[in-house]
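Coordinates in review
Each chain is listed here by its residues.
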Amino acid sequence: MFLRTLWKNRYVGFLFLLLSVFLNVVAAAAHHSVIQQEIAEEVVRFHVLANSDREEDQSVKYQVRDAVLAWMSENIQSAGQKEEDRDAAMNFLSENLSQIEAAANAVLEKENMSYRATAEITKSYFPDRTYGEITFPAGWYDALRIRLGEAKGQNWWCLLYPNLCFSDCLHAVVEDAGLARLEEVLTVEEYESLLQSPGQWKISFRWF
């Protein structure tokens, strides 16, 4: 009888442990999802999809990126606008979408590419992506997306607001000024979550 009671107690304890782990994982996943959604509400991403993975298509992808970023920087300054908030950034993109597309197509025409660019403001799903010490969690984000031709090649992205559009694509080094601006628009918890590795969970066993 004693052994049977002891075995039952251990069995119940084991089930309690499994339940505790499950509840902590569910809670952590829910919290992670909430943080991602809050970050998404504060940023705008920039997404360029190459026509294919051929060398010439990948090369022109970066030329399009540079031309679009240069056009935006010049026209924001000439209009006397500032990157004040996310709404202002979204309004600027929406009002100038055709000009942005034209800037991309000018590059394609100059390089004698047979395809053209399509620019749109969209809500897209992005996987986890790490650049330097910053990891943006997977989820849905508002983005300026430029599709080149069939858009079946490797893509490139950055954070358009706040501006983290670095040019070092191989090493993806984010400048301190960009990190400081990102820290300004996010809460402490949101910013610190970007410094964690993908899938890094903080699970606490409060009963043990």
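Structure: see above.
Scoring rules and cut-offs
All residue numbers refer to position in the chain's written sequence, counted from 1. The model is predicted, so local features are restricted to residues of pLDDT at least 70 and side-chain atom pairs to those at 80 or more, both for listing and for counting; the totals for chains, interfaces and linings are taken over all residues. By convention in this description, side-chain values take in all heavy atoms of the structure and omit both hydrogens and water. A run of DSSP states H or I qualifies as a helix once it reaches four residues; a run of E qualifies as a strand once it reaches two. Both are numbered from the N-terminal end. Note on areas: Shrake-Rupley with a 1.4 Å probe; residue coverage comes only from the protein chains shown. Here the term patch refers to residues with relative accessible area over 30% and no salt bridge, with like charges joined within 9 Å and nonpolar side chains (Val, Leu, Ile, Met, Phe, Trp, Tyr) within 5 Å. A side-chain nitrogen of Lys or Arg and a carboxyl oxygen of Asp or Glu constitute a salt bridge if their distance falls within 4 Å. We treat Lys and Arg as the positive residues and Asp and Glu as the negative residues; His and chain ends play no part in the count. Taken as the charge centre is NZ of Lys, CZ of Arg, CG of Asp or CD of Glu, depending on the residue. Relative accessible area decides the class of each residue, using a 1.4 Å probe on protein chains only: under 20% of the type maximum gives buried, over 50% gives exposed, and in between gives partly exposed. The contact criterion used is simple: two residues touch if any of their non-hydrogen atoms lie within 4.5 Å. Criterion used throughout: strands pair if DSSP finds at least two bridges between them. To define axes, lines are fitted to C-alpha atoms, for helices over the stretch in contact only, and angles between the resulting N-to-C directions are given on a 0 to 180 degree scale. Only buried residues count toward a nonpolar core. Its members are Ala, Val, Leu, Ile, Met, Phe, Trp, Tyr and Cys residues joined through side-chain atoms within 4.5 Å.

**Concerning the overall build of the protein chain**
When you go through the protein chain residue by residue, the secondary structure sums to six helices and six strands. Seen in sequence order, the protein chain has helices and strands lined up from the N terminus as α-β-α-α-α-β-β-β-β-β-α-α. Working note: accessible area of the protein chain is about 12500 Å², and carbon and sulfur atoms make up 53% of it.

**A closer look at a negative patch on the surface**
A surface patch of like charges, here negative, comprises Glu38, Glu41, Glu42, Glu183, Glu189 and Glu192. Relative to the elements of secondary structure, glutamate 189 occurs in helix α6 (residues 188-194). According to the relative accessible area criterion, glutamate 189 is partly exposed, its value standing at 42%.

**A closer look at the environment of valine 60**
Following the sequence through the fold, valine 60 ends up in helix α2 (residues 55-78). Residue valine 60 is classed as buried on the basis of its relative accessible area, which comes to 2%. Distance from valine 60 to leucine 108, taken between C-alpha atoms, is 7.3 Å for residues 48 residues apart in sequence. Residues contacting valine 60, with those up to four places away along its chain left out, are Val107, Leu108, Glu111, Met113 and Tyr115.

**A look at the pairing of strand β6 (residues 155-161)**
Counting buried residues along β6, six of its seven residues qualify, which places the element largely inside the surrounding structure. Taken together, the six bridges between strand β1 (residues 44-49) and β6 define a ladder with antiparallel strand orientation. Bridging across to β6, valine 44 finds its partner in tyrosine 161.

**A closer look at the sheet that holds strand β5 (residues 139-148)**
With respect to topology, four strands assemble into an open sheet ordered β2-β5-β1-β6, the strand pairing being mixed. Two strands in the sheet have a free side with no partner beyond their single neighbour: β2 (117-126) and β6. Strand-to-strand twist of the sheet, defined as the mean angle between neighbouring strand axes without regard to direction, takes the value 30 degrees. Packing of helix α4 (residues 97-110) onto the sheet brings it into contact with β2 and β5, and relative to β2 it is tilted by some 110 degrees.

**Quick notes on the pattern of salt bridges**
Taken as a whole, this structure holds nine salt bridges when the rule is applied. A salt bridge links glutamate 109 to arginine 116; its shortest N-O distance comes to 3.9 Å. The exposure class of glutamate 109 is partly exposed, given its relative accessible area of 46%. Here the salt bridges share partners, and the residues they tie into one network are Arg54, Glu56 and Asp57.

**Re the nonpolar core**
For soluble globular proteins, the rule of thumb is that nonpolar side chains tend to be buried together. In this structure, Phe46, Met72, Phe136, Ile146 and Leu182 are the most contacted members of the largest nonpolar core, which totals 49 residues. Dropping the residues within four chain positions of it, methionine 72 is found in contact with Phe92, Leu93, Ile100, Leu144 and Leu160.

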